[in-house]
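# Examination of the molecular architecture
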Amino acid sequence: MVFSNLFFLYIFLPANIILYFSVRSPQARNSIMVAFSLFFYAWGEPVWVFLLIATALVNWLLALQIKAGQQQPDQPRARAALIAAVVLDLSLLVLFKYTGFLYENVNALFGTSFTGPGLVLPIGISFYTFQIISYMADVYRREVEAQPSFLRFLMYVTMYHQLVAGPIVRYQWIAQEMDSRRTDPAEVWGGLCRFCVGLCKKVVVANAAGRLAGQYLDGDLSRLTTAGALFGILMFTLQIYYDFSAYSDMAIGMGRVFGFHYMENFNYPYIARSVTDFWRRWHISLSSFFRDYVYIPLGGKYRHQLRNICLVWLLTGLWHGASWNFVLWGAWYGALLVLEKRLLLPRLQRLPAIVGWLWSTLTVVIGWSIFYFVDFGRLTAFLPILLGGRIAPDPGLWVTVQNNLFWLLLSAAFCAPILPRLGALARRYADREAKQAAVVCLQAVVCLLLVMVSTAYLVGQSYNPFLYFRF
């Protein structure tokens, strides 16, 4: 099930909200949340929901073993439980996500013909695996207490708001809200508004950009011009941002409705003035996970920084997919970050902001080209075209741009922080109760229009993927 689905919008989510707020007991509310989350996951993964529950159960028990082992000198029991949990979680991730990739490379390297098990990748396994590992590590570090209730821990692991595509929520960020949370009308209303904005970003912008990207990137590359290649990859650049940030908006919005406050996952990455700045703004929960659980424990910038950066970006690339183009994508950003830290960053900071923005945009667009083409043959054919290898008139492209000019300009404009500035102006205006009521009415009208437009698009659309579901 996806958020941009009519069943989810008009049956599942309203039913969850009504049942959740119809009871007052925290235990009952937690039970309702777990039941709806398991149903949400089982809708698309009826078999793998048992894997999800079993993984949560084993890790919950191991976290209790860590807590018990921390009473011993040198904590050998706690350390053993942590290692067992990490090995188990990563083994499951490797089994389901990377086994086929390993078989393919062994066959290519040794000329063998081994056949892999052909396992289907459970949706969201990359996200909930990292989420569980962060919890286990934090319990071991004594940064959080091990959760004594399996029901509450299962709710943490399975909450459908962020289960299948993030953001990666650390237990320590919502530990207090797991046990006792309060919801007030302002929070619920703000969460619903955030959800509506995310829904429109996904349905109206991301899906349209994805269709246009496919027209230019999935066809016969021998006929593609440089202008067409640039337009196609720019459409994918819009698609992946609006798709993934829309999911995060909806997840954060639904979390607020039910009393949870998830971290922001995007901070307008396309206004970044360096690659370093871009990765402080893009998929923040993933970047912070690798920083806090891999980069810093390895020594960070103080010991073997070059090695640490290379390892982190190898893992970041592999996390996104079991394919060599993702490894190359990780290597691309690892090399750029090393280059910036060792040479470019001080110079970029002294130059006009537009120079840094152009540098960041160019590297990101090339990076999305590597990310898009899983087939290395198509990637090596596409990049020379993109970099000027086939400059020629493209009248069909001009017609496409003219037909989509309004929403293209609007979509590009909203990659900058326009909405927060408008919200700040509204809050400044609403300094009295009557004015606040007017702002709420205006928000209600806008949200209703967004939902109506999104519904109209969904009724007639067959193209409605969430890109990060496959990760």
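Now for a quick tour of the structure.

Procedures and definitions
- Residues numbered from 1 in each chain as written.
- Predicted model: local features only at pLDDT ≥ 70, side-chain atom pairs only at ≥ 80, totals over all residues.
- Heavy atoms only, no water.
- Helix = DSSP H or I, 4+ residues; strand = E, 2+ residues; numbered from the N terminus.
- Buried < 20%, exposed > 50% of the residue type's maximum accessible area, 1.4 Å probe, protein only.
- Expected span 1.5 Å × (residues − 1).
- 1 Å grid on protein atoms, 1.4 Å probe; cavity = no way out; pocket = protein on both sides within 12 Å on 5 of 7 lines; lining within 4 Å.
- Points joined across faces, edges and corners; volume = space filled by probe spheres on them.
- Nonpolar A, V, L, I, M, F, W, Y, C, P; charged D, E, K, R; others polar.
- Phe/Tyr/Trp six-rings, centres within 6.5 Å; stacked < 30°, edge-to-face > 60°.
- Lys NZ or Arg CZ within 6 Å of the ring centre and 35° of its normal.
- Salt bridge = Lys/Arg side-chain N within 4 Å of Asp/Glu carboxyl O.

Mapping Ala54 onto the fold places it in helix 3 (residues 48-69). The exposure class of Ala54 is partly exposed, given its relative accessible area of 39%. A C-alpha to C-alpha distance of 34 Å links Ala54 and Asp184, two positions 130 residues apart in sequence.

Glancing now at helix 5 (residues 125-140). Helix length check: helix 5, at 16 residues, gives a terminal C-alpha distance of 22 Å against a target of 22 Å (1.5 Å per residue), a fit within 8%. With respect to burial, helix 5 is a largely interior element, 15 of its 16 residues being buried. Of the residues trailing helix 5, Arg142 is marked for its positive phi of about 65°.

With that settled, the discussion passes to empty space enclosed by the protein. Using the criterion set out here, one finds one cavity of 30 Å³ or more in the structure. In this structure, the largest cavity occupies an estimated 30 Å³ of space. If you list the elements that add at least two residues to the lining of the largest cavity, you get helix 4 (76-110) and helix 5. The dominant element in the lining of the largest cavity, judged by the number of residues it contributes, is helix 5, at three residues. Residue composition of the lining of the largest cavity, by class: three nonpolar, two polar and one charged.

Evaluation of the coordinates by the stated rule reveals 59 aromatic pairs. Relative to Phe40, the ring of Phe12 lies with its centre 5.9 Å away and its plane at 50°, an arrangement referred to as tilted. With Phe12 in helix 1 (residues 6-21) and Phe40 in helix 2 (residues 26-44), the pair connects residues that are 28 residues apart, well separated along the chain. With respect to burial, Phe12 and Phe40 carry one shared label: buried. The ring of Trp319 has Lys97 lying over it, and the distance from NZ or CZ to the ring centre is 5.3 Å.

According to the stated counting rule, one finds 12 salt bridges in the structure shown. Of the charged contacts, one joins Arg141 and Glu143 as a salt bridge, the two residues approaching to 3.9 Å between their closest N and O atoms. Judged by its relative accessible area of 43%, Glu143 is partly exposed. Here Glu187 ties to Arg256 by a salt bridge, and the two come within 3.6 Å at their closest N and O atoms.

Its place among the elements puts Phe406 in helix 17 (residues 405-413). In this structure Phe406 comes out as exposed when scored by relative accessible area, which is 66%. Note: C-alpha distance between Phe406 and Leu62 (344 residues apart in sequence) is 55 Å.

Any functional reading would require information beyond the geometric quantities listed.
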